[in-house]
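Next come the chains, spelled out residue by residue.
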Amino acid sequence: MNTVAVFGSINMDITAFVDRPPAPGETVLGDSLIRNGGGKGANQAVGAARAGSANTLMVGALGKDPDGDILARSLNESGVDTEHIERVDGPSGTALITVSSSGENSIVVIPGANAQVDAPVGRALEAIRGADVLLAQLEVPPGAVASAAEARAEGATFILNAAPAIPIPQNLWDQVDILVVNEHEALIMADTPDATMDQALAALLERVPAVLVTLGGAGSELHTRNGETIAVPAVMVDAVDTTAAGDTFCGVLAAELAHGNTPLIAMQRASSAAALAVQAKGAQDSVPQREDTLAFWATHFDGK
């Protein structure tokens, strides 16, 4: 089984389910409240390990607090190697989430320990060097992400999910093999807010070899510098909570590529896992098991 290293954030998600999000200055009554593991990095690691069935390790930081203990245990139970997560002074990261009855969410992230993530050293560095695919996001300092990417082995694939979409240094741009963005993030990362999507993609492909754009209900598209386009449609399902759908997609994509599958198969299986994830509440709690992902893929994509 090939290896995915995830370099990124780990949060405790506090999620309120409401009929609709409050307007400024308004109070609304919620239906329920849950606390569970989250953070883009941790969610993607769970996606790679659980739905993608890859040998997955997490590199990041947790606080020396009860939430840190809970989050580390949750990752372990999902099959993620947590040996390279540093425990630092102060609180772990926290995300405050509201989810509407339509499944759409609004999120506020308090970085906590994630802000202390630094360039990997020692055994964490060696672990990254041993991975077939390195997957990262931008909820930890971009300079640290660049250092992790520079440390990967020759021939290893670096996938950057540019979320949140923030300015990144040139040495990070130089490392990216596949940039994963949604439409909004694509425009921001291309620094072309008033451009068309085609213009944004052209600008991004001057910087990276491949851009994978997630399009929500329209599926996903992979565009490469040599002009190749791979399009995968979405499967329509009734969404309950979209919180970790994109993270599940990224984690499974990384795992499938680590397994040696083609980009088309990787995208189809990532879409399958994401479609299952939106039908359940929570972030990591919603990530499906491998057998369910493959069954969904066989029904909706296999041979198509």
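Scroll up to find the structure.
Draft legend 1. Local environment of the packing of helix α8 (residues 245-258) against helix α9 (residues 263-277). Between α8 and α9, whose axes approach to 8 Å, the crossing angle comes to 145°. When the axes of α8 and α9 are compared, the crossing they make is right-handed. Here α8 contributes Ala-245, Thr-248, Phe-249, Val-252, Leu-253, Glu-256 and Leu-257 to the contact with α9, which in turn contributes Pro-263, Ala-266, Met-267, Arg-269, Ala-270, Ser-271, Ala-273, Ala-274 and Ala-277. Looking at the contact of α8 with α9 residue by residue, the classes come out as twelve nonpolar, two polar and two charged.

Draft legend 2. Looking closely at helix α7 (residues 197-205). Residues of α7 that are buried include every one of Ala-200, Leu-201, Leu-204 and Leu-205, and no others. Axial view of α7: buried residues confined to an arc of 130°, hence all on one face.

Draft legend 3. Quick peek at the nonpolar core. One finds Phe-7, Phe-158, Leu-160, Leu-179 and Met-189 to be the most contacted residues of the largest nonpolar core, which totals 44 residues. No other element matches the six residues that helix α4 (residues 142-151) contributes to this core. Apart from the residues within four sequence positions on either side, Met-189 is in contact with Leu-138, Ala-162, Ala-165, Ile-166, Ile-168, Trp-173, Val-181, Leu-204 and Arg-207. Counting residues in hydrophobic clusters, the runner-up holds 43 residues, among them Ile-85, Ala-210, Val-232 and Trp-297.

Draft legend 4. Representation of the sheet that holds strand β7 (residues 93-99). Spatial ordering of the open sheet is given by β3-β2-β7-β8, a layout of four strands whose pairing is mixed. The two strands at the open ends of the sheet, each matched to only one other strand, are β3 (30-38) and β8 (105-110). Sheet twist, expressed as the mean angle between neighbouring strand axes with direction ignored, is 15°. Of the pairings in the sheet, the one linking strand β2 (residues 11-18) to β3 comprises eight bridges and is antiparallel in character. The partner of Thr-15 across the bridge, within β3, is Ile-34. Sitting on the sheet, helix α2 (residues 66-77) is in contact with β2 and β3, with an inclination near 90° to β2.

Criteria and cut-off values
- Residues numbered from 1 in each chain as written.
- Predicted model: local features only at pLDDT ≥ 70, side-chain atom pairs only at ≥ 80, totals over all residues.
- Heavy atoms only, no water.
- Axes fitted to C-alpha atoms, helices over the stretch in contact; angles between N-to-C directions.
- Helix = DSSP H or I, 4+ residues; strand = E, 2+ residues; numbered from the N terminus.
- Left-handed = near helix turned anticlockwise from the far one by under 90°.
- Contact = heavy atoms within 4.5 Å.
- Nonpolar A, V, L, I, M, F, W, Y, C, P; charged D, E, K, R; others polar.
- Buried < 20%, exposed > 50% of the residue type's maximum accessible area, 1.4 Å probe, protein only.
- Arc of directions from axis to C-beta.
- Core = buried A, V, L, I, M, F, W, Y, C linked by side-chain atoms within 4.5 Å.
- Pairing = 2+ DSSP bridges.

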